[in-house]
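Read off the chains here:
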Amino acid sequence: MPAVAETLETVQAATEGGYKWGFSTDIEMDMAPKGLNEDIIRLISARKNEPQWLLDWRLAAFAVWLKMDEPDWAMVNHPPIDYQDLHYYAAPKKKAGPKSLDEVDPELLRTYEKLGIPLKERAILAGVETPDDVMPQVAMDAVFDSVSVATTFKATLAKSGVIFCPISEAVQEHPELVRKYLGSVVPTSDNYFAALNSAVFTDGSFVYIPKGVRCPMELSTYFRINARNTGQFERTLIIAEEASHVSYLEGCTAPQRDENQLHAAVVELVAFDDATIKYSTVQNWYPGDSEGKGGIYNFVTKRGHCRGARSKISWTQVETGSAITWKYPSCVLQGDDSVGEFYSVAVTNNFQQADTGTKMIHIGKRTKSTIVSKGISAGRSNNTYRGLVRIDRRADGARNFTQCDSLLIGDQCGAHTVPYIESRNPTAKLEHEATTSKIAEDQLFYCRQRGLSEEDAVGLIVNGFCKDVLKELPMEFAVEAQKLLAVSLEGSVG
Amino acid sequence: MLEIKGLRASIDGKAILNGIDLVIPPGEVHAIMGPNGSGKSTLSYVLSGREGYEVDGGTATFAGQDILAMEPEERAAAGLFLAFQYPVELPGVNNANFLRTALNAQRRARGEGELDAVQFLKLARTEAKRLSMPDDMLKRNVNVGFSGGEKKRNEVLQMAMLRPKLAILDETDSGLDIDALKIVAEGVNALRGPGFSALVITHYQRLLDHIVPDRVHVLANGRIVKSGGPELAHALEAGGYAAVIPEAA
Ligand SMILES: Nc1ncnc2c1ncn2[C@@H]1O[C@H](COP(=O)(O)OP(=O)(O)O)[C@@H](O)[C@H]1O
Ligand SMILES: [Mg+2]
């Protein structure tokens, strides 16, 4: 609720201020007026001090977007989005949040407690107000007790030659890298939301792992403090040079407040010969209330390009939040013997809708992909797995294994599996397994007879169902994700 | 320990238990025998609080508490254990993890401290060994891919770990070979003592050779139609139920 209420307030406040065309970019303002047009894009680009090529790139994307229609093939329903009724640029600004934890919704605090979020972190996640200009420092302080930890991280990364910074910073510091790879995996014209993102993205992360380097740390904890407030159109670019290795985790198990209802991120991964990128996501944006009011719309384009031989890209996602999830992390397996993996848990409860899956595009010889998707639906929610496995004519000896399991809790929810297979090479081997099951009454009773509460029983059974995916997560997050699954399904039984 | 008076219960409006009276004093083991469909499993589910089993009348007091008013997990924490006639599979749920979660949930409910992973594993290994169960049984998923005999032994392992005050064993001997049967019996006998009672549901005298009951009851049409000492089981073995149940003759 708070997320949406605040959106409305912000929007109202801004509308009352009136909309003026033709503003110049040197006007000091916290927020661009509502609406999407070339001027807004020029404003974003100017504020970020971007080079001309990037502005041109954004404008081209915008021109493409104008000619496109919002996709309607996904199994999700929502009222039409008025793209002219959104703000596309907001300077880092003071948050009108609660003054202290005492003012935060006790329900939210209980959730944090259940998830085992440290006390200090809870205040930040709940959006408790902190003095404006010291905010980032304070955030880091609170999370890590000391700024020096973060500084140490930076030093360690720098020593190994790893570049890890906001993409807006990379545009300034490493323009040649950004220019070379931006949009090379997800072209601006790829789809409606990717085009929109390309036109208006404000920030995101940039990672570059040099040849032969194994990134000395999980880029996760660090991300957790830096990724806040990157805005609704996030852009991430990760490049792994030959024989390098990186594991990146985005997101957070704690339900996060966000003023923006629409999210349309783009993530591009590039892996060269023998490189490995492991990308893990825990997504728990505000899902809307139990009546289905509010909640984030999450339209994400994530794609990895295995350009080199024997390269490997692995997506792992635990999706429990958002009112609408539209997301298909994919792998283009171009290098011979390259490997793509997709491990997914998607939970929907109440009125949530998720249409998620993957695409595995086999181009290189002996390319191999694995898809393990676990969908859990409860309440009146709808959960769709949509996956494509395409085997190119040249992809001799390609192999795919797909396992799609759905678990239903209650009888008002829906689970759908939509697998597409296109094979143009007779030597390819494809295996597909799918199951649909319910949490059976006898399983619940068996657990309760042994002393487990009904909620713990559901948590245990659901975690068992998701085990094959959870074990792919970095250790520290696997435990949090397990708790998150149980919390997300609270009240779904009985 | 357990005192049942005039207990009547139904499923979907169909009366199954028609007035059960049964008292199991602390430290005693009672056996229930009876034809298929006579209500033996129903009795065990009603006592343990399974959904869908409607109590229509009567009382059941366990360790001084009115258990019929309690949630299944509260009954478990109070010391009631049911070894299921058909143990349930929990895919992806590690047996040791399940047992530890259960044990700690019960300990928490009783205000006792929880066992950490090391303490737990030590205990679990000791008990598994005593029941001649290989260690890897603890690592497997709960009852998934277990043979019939393994499932039953797993029930007994859980019982041994949870140390209930009252264990109801619903045909735990069915489908066991003679060695497994002995192991199950030893599991029960090891718990026997003043603080432990058991209700053993079985069709066969051979289990009662190993777990000698204090009392034997015959259940028919949702009522206890005859009670006696261990010799009653022998009489049933020789003459069948017809000898003791007039209606079935
Ligand atoms: N879920 C159920 N729905 C309807 N009838 C049931 C159900 N479970 C058991 N019954 C009936 O209740 C009676 C007693 O069953 P049960 O307690 O399982 O007997 P026993 O364990 O002595 O073989 C039988 O007539 C059986 O068909
Ligand atoms: Mg039975």
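Preceding this section is the structure that the text describes.
As the structure is a prediction and not an experimental result, all values here were calculated from the model.

Asks: Would you explain the coordination of the magnesium ion (ligand 2) in this entry?
Replies: For a metal bound by four donors in a tetrahedral arrangement, the ideal donor-metal-donor angle is 109.5 degrees, while six donors in an octahedral arrangement ideally sit at 90 or 180 degrees. Residue and element names in this part refer to chain B. Coordination of the magnesium ion (ligand 2) by the protein comes from Ser-41 (OG) and Gln-85 (OE1), over a distance range of 2.0 to 2.3 Å. Separated by 44 residues along the polypeptide, Ser-41 in helix H1 (residues 40-48) and Gln-85 in the loop between strand E6 (80-83) and helix H3 (95-109) bring together distant segments of the chain. Here Ser-41 and Gln-85 have matching classes, each one buried.

Asks: Hey, could you run me through the pairing of strand E4 (residues 245-251) of chain A in this one?
Replies: Side-chain direction in a regular strand flips from residue to residue, so the side chains alternate between the two faces of the sheet. All names here are of chain A. Burial within E4 is extensive, with five of its seven residues counted as buried. Pairing analysis gives seven bridges linking E4 to strand E7 (residues 276-283), with the strands arranged parallel. Within E7, the position partnered with Gly-251 by the bridge is Val-282.

Asks: I would appreciate a short explanation of the environment of Gln-84 of chain A in the present structure.
Replies: All names here are of chain A. Turning to its location among the elements, Gln-84 is positioned in the loop between helix H3 (52-66) and helix H4 (106-115). When the C-alpha atoms of Gln-84 and Pro-33 are compared, they prove to be 9.9 Å apart, with 51 residues separating the residues in sequence. With near-sequence residues (within four places) excluded, Gln-84 lies in contact with Lys-34, Gly-35 and Leu-36. Only 2.6 Å separates the side chain of Gln-84 from the backbone nitrogen of Leu-36, close enough to count as a polar contact.

Asks: Can you walk me through the packing of helix H2 (residues 38-47) of chain A against H3 of chain A in this structure?
Replies: A pair of packed helices is captured by two measures, namely the crossing angle of their axes and the spacing between those axes. Residues and elements named next belong to chain A. The N-to-C vectors of H2 and H3 enclose an angle of 150 degrees; their axes lie 10 Å apart at closest approach. As summarised for this structure, H2 and H3 are arranged roughly antiparallel, according to the angle between their axes. Relative to H3, H2 is oriented so that their crossing is right-handed. Residue-level contacts link Glu-38, Ile-41, Arg-42, Ile-44 and Ser-45 of H2 to Leu-55, Arg-58, Leu-59 and Phe-62 of H3. A per-class count over the contact of H2 with H3 returns five nonpolar, one polar and three charged.

Asks: Sorry, what's going on with the sheet that holds strand E18 (residues 429-438) of chain A here?
Replies: Within a sheet, adjacent strands bond to each other through the backbone by hydrogen bonds, running parallel or antiparallel. All names here are of chain A. The sheet built from seven strands is open, its strands ordered E4-E7-E9-E12-E14-E16-E18 with parallel pairing. Every other strand in the sheet has two partners, leaving E4 and E18 as the edge strands with one partner each. For this sheet the average axis-to-axis angle between neighbouring strands, irrespective of direction, equals 5 degrees. Relative to E18, strand E16 (residues 399-408) is paired through ten bridges, and the arrangement is parallel. If you follow Cys-404 over to E18, its bridge partner there is Ala-434.

Asks: Would you take a moment to explain the site of ligand 1 for this structure?
Replies: Residues and elements named next belong to chain B. Around ligand 1, the surrounding shell consists of Ile-11, Lys-14, Ile-16, Pro-35, Asn-36, Gly-37, Ser-38, Gly-39, Lys-40, Ser-41, Thr-42 and Tyr-53. Interatomic distance of 3.0 Å between a backbone N/O atom of Gly-39 and an oxygen atom of ligand 1. In isolation ligand 1 has 560 Å² of accessible area, and contact with the protein removes 63% of it. At the level of secondary structure, the elements contributing two or more residues to the shell around ligand 1 comprise strand E2 (14-24) and H1. Among the elements that make up the shell around ligand 1, the one with the highest residue count is H1 (three residues).

Asks: Quick question: what am I supposed to make of the sheet that holds strand E1 (residues 2-11) of chain B here?
Replies: All names here are of chain B. Taking strand neighbours across the sheet as the criterion, the four strands line up as E2-E1-E4-E5 in an open arrangement whose pairing is antiparallel. For this open sheet the edge positions go to E2 and strand E5 (65-66), each flanked by a neighbour on one side alone. Direction of pairing for E1 relative to strand E4 (residues 53-62): antiparallel, over a ladder of eight bridges. Looking at E4, one finds that Ala-9 is bridged to Val-55. Along the sheet, H1 contacts E1, E2 and E4; its crossing angle with E1, the most-contacted strand, is approximately 110 degrees.

Asks: Just checking my understanding: could you explain helix H9 (residues 230-239) of chain B for this structure?
Replies: Counting along an α-helix, one turn takes 3.6 residues, and residues three or four places apart therefore face a common direction. All names here are of chain B. Taken together, the buried positions of H9 are Leu-232, Ala-233 and Leu-236. Along the axis of H9, the buried positions cluster into a sector of 100 degrees, meaning they face one direction only. Away from the buried face of H9 by more than 90 degrees, exposed residues Glu-231 and Ala-238 are located. In the core, the buried residues of H9 are packed alongside strand E3 (29-33), helix H8 (205-210), strand E9 (215-220) and strand E10 (223-228). Trailing H9 by a residue or two, Gly-240 shows a phi angle of about 75 degrees, which is positive.

Asks: Explain the packing of H3 of chain A against helix H10 (residues 192-200) of chain A to me, please; I cannot follow it from the model alone.
Replies: All names here are of chain A. With their axes 7 Å apart at the nearest point, H3 and H10 run at an angle of 145 degrees to one another. Handedness of the H3/H10 crossing: left-handed. Contact with H3, carried on its side by Trp-57, Arg-58, Ala-61, Phe-62 and Trp-65, involves Tyr-192, Ala-195, Leu-196, Ser-198, Ala-199 and Val-200 of H10 and no other residues of that element. Residue classes in the contact of H3 with H10 are distributed as nine nonpolar, one polar and one charged.

So, how was this worked out
Residues numbered from 1 in each chain as written. Chains lettered and ligands numbered in written order. Predicted model: local features only at pLDDT ≥ 70, side-chain atom pairs only at ≥ 80, totals over all residues. Heavy atoms only, no water. Donors = N, O, S within 2.8 Å, 3.2 Å for Na, K, Ca; no water. Helix = DSSP H or I, 4+ residues; strand = E, 2+ residues; numbered from the N terminus. Buried < 20%, exposed > 50% of the residue type's maximum accessible area, 1.4 Å probe, protein only. Pairing = 2+ DSSP bridges. Contact = heavy atoms within 4.5 Å. Polar contact = N/O pair within 3.5 Å; in protein donor to acceptor, adjacent residues only side chain to side chain. Axes fitted to C-alpha atoms, helices over the stretch in contact; angles between N-to-C directions. Parallel < 35°, antiparallel > 145°, perpendicular 65-115°, else oblique. Left-handed = near helix turned anticlockwise from the far one by under 90°. Nonpolar A, V, L, I, M, F, W, Y, C, P; charged D, E, K, R; others polar. Near = heavy atom within 4 Å. Areas by Shrake-Rupley, 256 points an atom, 1.4 Å probe, with all protein chains shown as cover. Arc of directions from axis to C-beta.

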